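# Remarks on the overall topology
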Amino acid sequence: MANTPQSKKRARQALRRTDINKARRSRIRTYLRKVEEAIASGNADAARDALKAAQPELMRGVTKGVVHKNTAARKISRLAARVKALSAA
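So, here is what we can say about the structure in this document.

About the thresholds
- Residues numbered from 1 in each chain as written.
- Predicted model: local features only at pLDDT ≥ 70, side-chain atom pairs only at ≥ 80, totals over all residues.
- Heavy atoms only, no water.
- Axes fitted to C-alpha atoms, helices over the stretch in contact; angles between N-to-C directions.
- Helix = DSSP H or I, 4+ residues; strand = E, 2+ residues; numbered from the N terminus.
- Parallel < 35°, antiparallel > 145°, perpendicular 65-115°, else oblique.
- Left-handed = near helix turned anticlockwise from the far one by under 90°.
- Contact = heavy atoms within 4.5 Å.
- Expected span 1.5 Å × (residues − 1).
- Buried < 20%, exposed > 50% of the residue type's maximum accessible area, 1.4 Å probe, protein only.
- Arc of directions from axis to C-beta.
- Polar contact = N/O pair within 3.5 Å; in protein donor to acceptor, adjacent residues only side chain to side chain.

### Regarding the packing of helix α1 (residues 5-41) against helix α3 (residues 69-88)
If you want to describe how two helices pack, look at the angle between their axes and the distance between the axes. Where α1 meets α3, the axes come as close as 10 Å, and the angle between the chain directions of the two elements is 20°. On the basis of the axis angle, α1 is roughly parallel to α3. Every pair of crossing elements has a handedness; the one defined by α1 and α3 is left-handed. For the pair α1 and α3, the contacting residues are Leu32, Val35, Glu36, Ala38 and Ile39 in the first and Lys75, Leu79, Arg82, Val83 and Leu86 in the second.

This is the structure in structure tokens:
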């Protein structure tokens, strides 16, 4: 348990940041799920639009420290490849 005033403050801050980060991660997952659903439906236009909306959200997660840069790049790359394959087919 936190004893010093500084450690008590840090514990409070950690709880606040945890809630904020949880909300951000959830928001990112929602955008990614929309892309996945559009790909699954076979609608190339909807998938392209969903990916276009998801990219900045994912990169915002990187700048906020919720997602690692390479993880975000990998997810975007794989989704983009699937959307491209969908529109080509």
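### Section: α3
Relative to the 28 Å expected for 20 residues at 1.5 Å per residue, α3 spans 28 Å between its end C-alpha atoms, a close match to the ideal helical length. Looking at α3, one finds that the buried residues are Ala72, Ile76, Leu79 and Val83. Projected onto a plane normal to the axis of α3, the buried residues spread over an arc of 75° and lie on a single side. Residues Arg78, Lys84 and Ala88 are exposed on α3 and point more than 90 degrees away from its buried face.

### Observations regarding the side chain of Glu57
When you line up the elements, Glu57 lands in helix α2 (residues 44-63). On the basis of relative accessibility, which here comes to 9%, the residue Glu57 falls in the buried class. A distance of 2.9 Å separates a polar atom in the side chain of Glu57 from a polar atom in the side chain of Arg60. Apart from residues no more than four positions distant in its own chain, Glu57 is found in contact with Arg27, Ile28 and Tyr31.

### Some remarks on α2
Across its 20 residues, α2 extends 29 Å between first and last C-alpha, which sits within 8% of the 28 Å expected from 1.5 Å per residue. For α2, the full list of buried residues reads Ala44, Ala47, Ala50, Leu51, Ala54, Glu57, Leu58, Gly61 and Val62. Looking at the buried positions of α2, the neighbouring elements they touch are α1 and α3. In this structure Asn43 caps α2, since a side-chain oxygen of it lies 3.3 Å from the backbone nitrogen of Asp45. Positive phi appears at Gly65, one or two residues downstream of α2, with a value of about 85°.

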